[in-house]
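# Working through the structure, step by step
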Amino acid sequence: MLISASRRTDIPTYYSEWFYNRIHGGYVLVRNPMNAHQIGRVSLSPDVVDGIVFWTKNPTPMLDRLDELKDYNYYFQFTLNPYSKDIEPNIPSKNDVIIPTFLKLSEAIGADRVIWRYDPIILSEKYTLEYHLEYFEKLAHILASHTRKCTFSFLDLYKNTEKNVRSLNLRPISSEDMITLAKGFHEIALGYGLKLDTCAEQIDLSDFGISHAHCIDKNIFE
């Protein structure tokens, strides 16, 4: 059994103590988001858990207790974007907290087990194609020795998304924009020995050696 922890919320950032308590308790209760009255009990015993995938933008609260996960196979999907407080108001300083945490986590568990996620890519008057290419290169320069690959995606403007981000004056991302960024990212990643793939994107970027990612990568666990 594989545990995704979690795409509903950032467990490492906000609920790491709860998570460690559940690890020691040996099980977790999970409410069905479509039926509030339906609660399932999931075993967290190392005998039945084949692996855990952590999704986070800031796993700092987990770092000092990683030894408590020694009986499990696990890896981190670590989202690190170049956005300011207008987009990520609750994220601590990238330079002072997030990037050092990325490096420290990789040094603790290995570069193969920390996947860099650069997503979602948004475009606006501030966050231009040139902006993304510049900052992707800056981040790749810092992170390349501490990860093996980067997964990226483009923002999908769903109806509820449009309402939430209306004040940011975002613009739609065209196929031409996607190709421009993919080509630029590919050239940068090649220089740093990073593998690139995309998350939930329909566009074919195989001409740049960019494949489709898996939310849970069986190859890593194998």
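Further up the page is the structure itself.
Let us look at the structure shown here. Every value quoted in this text rests on a predicted model; they were computed, and no experiment measured them.

### Brief notes about the environment of K70
Residue position: K70 is located in the loop between strand 4 (51-56) and strand 5 (74-79). For the pair K70 and P46, spaced 24 residues apart in sequence, the C-alpha separation works out to 9.7 Å.

### A short note on the pattern of salt bridges
Tallied over the entire structure, the rule returns 13 salt bridges. The salt bridge involving R148 is made with D112; its shortest N-O contact spans 2.9 Å. With R148 in the loop between helix 4 (129-143) and strand 7 (149-154) and D112 in the loop between helix 3 (94-109) and strand 6 (114-121), this residue pair connects regions lying 36 residues apart in the sequence. The class for D112 is partly exposed, based on a relative accessible area of 47%. When salt bridges that share partners are traced, they join K57, E88 and K94 into one network.

### Considerations on the side chain of E201
Tracing the chain through its elements places E201 in the loop between strand 8 (195-198) and strand 9 (211-212). Within the buried set, E201 has no salt-bridge partner at all; the shortest N-O distance to an opposite charge, 8.6 Å, is to R117. Setting aside anything within four residues of it in sequence, one finds E201 in contact with S153, F154 and H212.

### Brief notes about the environment of I91
Inspection of the secondary structure assignment puts I91 in the loop between strand 5 and helix 3. Residues I91 and N58, spaced 33 residues apart in sequence, show a C-alpha to C-alpha distance of 7.5 Å. Residues within four places of I91 in sequence aside, it is in contact with K57, K85 and I98.

Calculation notes
- Residues numbered from 1 in each chain as written.
- Predicted model: local features only at pLDDT ≥ 70, side-chain atom pairs only at ≥ 80, totals over all residues.
- Heavy atoms only, no water.
- Helix = DSSP H or I, 4+ residues; strand = E, 2+ residues; numbered from the N terminus.
- Salt bridge = Lys/Arg side-chain N within 4 Å of Asp/Glu carboxyl O.
- Buried < 20%, exposed > 50% of the residue type's maximum accessible area, 1.4 Å probe, protein only.
- Lys, Arg positive; Asp, Glu negative; His and termini not counted.
- Contact = heavy atoms within 4.5 Å.

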